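Residue strings, one per chain:
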Amino acid sequence: MKRVAMKVAYLGSGFSGSQAQPGLRTVESQVLSDIGKVLKTDDPGLSFSSRTDKGVNALGNAIAFRSGMDDLLVLTKALNSVSDGVFYRSFCEIGEDFNIRHASRRIYRYVLDGEGVDMGRAEECCRLFEGEHDFLRFCRYDGKPTTLRIDRISCMRSDGRVVLEFDARYYLWNMIRRVSSAIEAVGKGTRELSDVQSALDGKDVQFGVGRPDALTLQDVQYDMLRFQDADPRGIASRKRDRVMEESLRLEFYKSLRRCGRHEQP
């Protein structure tokens with residue numbers, strides 16, 4: 001019996017979050033179903049590195065579980081063949097005492113509507129959040145310590161949007177969505193940098209919570225592990241189907257927007 005770590009990807013709109021919830025389809029319930037079909041077990045000792053809320057996407061969340069199958073390349077291919085909505089991207093063997101939650105860093109990306117955003121102000125706001133701070137005013141408090149360190153926040157324009165990338169070992173509940181909302185407010189001039197500093201200093205200043213589907217867990221990284229890529233053929237056809245589905249959806253909304261301008265679609 002081996003203990004395995006895998007990187008998984010999923011679109012958040014298809015799930016009610018990552019953690020198991022009675023009567024709801026979650027990433028955890030889908031993964032357990034996939035493992036059960038392939039390994040014929042109801043209790044693989046599944047654990048997740050990072051929790052994602054309803055609507056939040058992931059390209060590289062990490063999971064750990066026990067496997068009776070020795071060939072992990074074949075295992076990932078089998079999981080990809082039975083899964084509905086979860087993509088198993090890479091794998092490695094880990095020790096029995098390895099805690100998948102103890103990552104070296106977690107990389108998140110948040111996408112803002114770029115209209116009206118002053119990049120200079122947005123970037124200056126990013127610098128305020130870097131380093132160690134008490135993020136009590138930028139989280140949904142759940143009793144955990146609120147002082148932590150953000151190593152880096154990058155801010156760039158891309159196709160009319162502003163893309164924020166966060167680098168830290170861990171984050172608080174709703175933290176990135178609240179920080180991103182504050183950066184957007186400062187960038188659009190509806191809030192001042194002094195408001196953000198006041199919130200970091202403990203003053204009760206609220207900036208709102210950004211939409212969940214704009215947030216993606218890009219990667220969970222471990223300096224001590226080396227993941228091997230899964231066989232790309234295992235997910236190639238599923239990716240093609242999803243890309244086609246999303247392109248058709250996008251074309252529909254583009255046509256709808258043109259109709260709103262009294263033009264022929």
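In what follows, the structure referred to is the one given above.
Now for a look at the structure at hand. (Residues numbered from 1 in each chain as written. Predicted model: local features only at pLDDT ≥ 70, side-chain atom pairs only at ≥ 80, totals over all residues. Heavy atoms only, no water.)

### Some details on the overall build of the protein
Threshold: To qualify as a helix, a DSSP run of H or I must reach at least 4 residues; to qualify as a strand, a run of E must reach at least 2; elements of each kind are numbered from the N terminus. Each radius of gyration is computed over the set of C-alpha atoms, and the globule rule expresses the reference value as 2.2 Å times the number of residues to the power 0.38. Here the term buried applies to any residue with accessible area under 20% of the maximum for its type, exposed to any over 50%, and partly exposed to those in between, with areas from a 1.4 Å probe on protein chains only.
Along the backbone of the protein there are six helices and 11 strands. Radius of gyration (C-alpha) of the protein: 20 Å, near the 18 Å computed for a compact globule of 265 residues. The dimensions of the protein, computed from C-alpha atoms along their principal axes, are 55 × 55 × 35 Å. Out of the 265 residues belonging to the protein, those deemed buried represent 47%.

### What to know about the pattern of salt bridges
Heads up, the rule is: Salt bridge, as used here: a side-chain nitrogen of Lys or Arg that lies within 4 Å of a carboxyl oxygen of Asp or Glu.
Per the counting criterion, the structure on display carries 20 salt bridges. The partner of Glu-165 in a salt bridge is Arg-109, with the nearest N and O atoms 2.9 Å apart. Taken together, the positions of Glu-165 in strand 9 (residues 161–168) and Arg-109 in strand 5 (residues 105–113) put the pair 56 residues apart, joining distant regions of the chain. Across the pair Arg-233 and Asp-231 runs a salt bridge whose closest N-O atoms are separated by 2.8 Å. By relative accessible area, which is 64% here, Arg-233 ends up exposed. What makes Asp-231 buried here is its relative accessible area of 12%. Because the salt bridges share partners, they merge into one network encompassing Arg-109, Arg-152, Glu-165 and Asp-167.

### Topic: unusual backbone geometry
Of note, the phi angle at Asp-159 is positive, near 55 degrees, even though the residue is not glycine. Along the chain, the position of Asp-159 falls in the loop between strand 8 (152–158) and strand 9. Overall, Asp-159 belongs to the exposed group, its relative accessible area being 71%. A positive phi is found at Asn-174, a non-glycine position, where the angle reads about 65 degrees. For Asn-174, the location among the structural elements is in the loop between strand 9 and helix 4 (175–187).

### Some points on helix 1 (residues 27–39)
Quick reminder of the rule: Every helix has an expected span of 1.5 Å times one less than the residues it contains. What the arc measures is the spread of directions leading from the helix axis to the C-beta atoms. In what follows, a contact means two residues having at least one pair of non-hydrogen atoms within 4.5 Å.
Taking 1.5 Å of rise per residue, 13 residues should cover 18 Å, and helix 1 covers 18 Å from first to last C-alpha, within 8% of that figure. Looking only at helix 1, the buried set comprises Val-27, Gln-30, Val-31, Asp-34, Ile-35, Val-38 and Leu-39. All buried residues of helix 1 fall inside an arc of 140 degrees around its axis, so they share one side. Buried residues along helix 1 sit against strand 1 (2–10), strand 2 (47–48), strand 3 (57–67), helix 2 (72–82) and strand 4 (86–94). Immediately beyond the C-terminal end of helix 1, within one or two residues, lies Lys-40, with a positive phi of roughly 60 degrees.

### Considerations on the nonpolar core
What counts, and what does not: Grouping buried Ala, Val, Leu, Ile, Met, Phe, Trp, Tyr and Cys residues that are joined through side-chain atoms within 4.5 Å yields what is termed a nonpolar core.
Of all hydrophobic cores here, the largest spans 69 residues; its most connected members are Phe-65, Phe-129, Phe-135 and Phe-138. The dominant element in this core, judged by the number of residues it contributes, is helix 4, at six residues. Aside from chain neighbours lying at most four places away, what touches Phe-129 is Phe-135, Phe-138, Ile-150, Ile-153, Val-179, Ala-182, Ile-183, Val-196 and Leu-200.

### Notes on the pairing of strand 7 (residues 147–150)
Rules: Each pair of strands is called paired provided DSSP finds at least two bridges between the two strands.
What you see with strand 7 is a clean split: Leu-148 and Ile-150 sit on the buried side and Thr-147 and Arg-149 on the side with no burial. Examined bridge by bridge, strand 6 (residues 131–134) and strand 7 share four bridges and lie antiparallel to one another. Considered in strand 7, the bridge of His-133 is made with Leu-148.

### Topic: the layout of surface pockets
Condition: Using protein atoms alone on a 1 Å grid, points that fit a 1.4 Å probe yet trap it form a cavity, whereas open point sets bounded by protein on both sides within 12 Å along at least five of seven lines form a pocket; residues with an atom within 4 Å of a point count as lining. Grid points are joined across faces, edges and corners, and a volume is the space filled by probe spheres set on the points. By the convention adopted, Pro, Cys, Tyr, Trp, Phe, Met, Ile, Leu, Val and Ala count as nonpolar, Lys, Arg, Asp and Glu as charged, and the other residues, Gly among them, as polar.
Of the pockets and cavities examined, the second largest pocket occupies roughly 730 Å³. Forming the boundary of the second largest pocket are 30 residues, of which Arg-51, Arg-101, Lys-144, Tyr-171 and Leu-172 lie nearest the centre. Of all the elements in the fold, those that place two or more residues in the lining of the second largest pocket are strand 2, strand 5 and helix 4. Here the lining of the second largest pocket gets three residues from one element, more than from any other, and that element is helix 4. When its residues are assigned to classes, the lining of the second largest pocket shows 13 nonpolar, eight polar and nine charged.

### A few points about the environment of Gln-197
Summarising the element assignment, Gln-197 is placed in helix 5 (residues 193–200). Overall, the relative accessible area of 31% leaves Gln-197 in the partly exposed class. C-alpha separation for the pair Gln-197 and Phe-129, spaced 68 residues apart in sequence, amounts to 8.8 Å.

### A few points about the side chain of Asn-61
To keep things clear, this is the line we draw: Throughout this description, a polar contact denotes any pair of N or O atoms lying within 3.5 Å of each other; where both atoms belong to protein, one of them has to be capable of donating a hydrogen while the other can accept it, and for residues adjacent in sequence the pair is counted only when both atoms sit in side chains.
Examined against the element boundaries, Asn-61 turns out to sit in strand 3. Residue classification places Asn-61 among the buried positions, given a relative accessible area of 0%. Among the polar contacts made by the side chain of Asn-61, one reaches the side chain of Tyr-10 at a distance of 3.1 Å. Look past the residues within four positions of Asn-61 in its chain and what remains in contact with it is Met-6, Lys-7, Val-8, Tyr-10, Phe-48, Ser-49, Ser-50, Thr-52, Leu-217 and Val-220.

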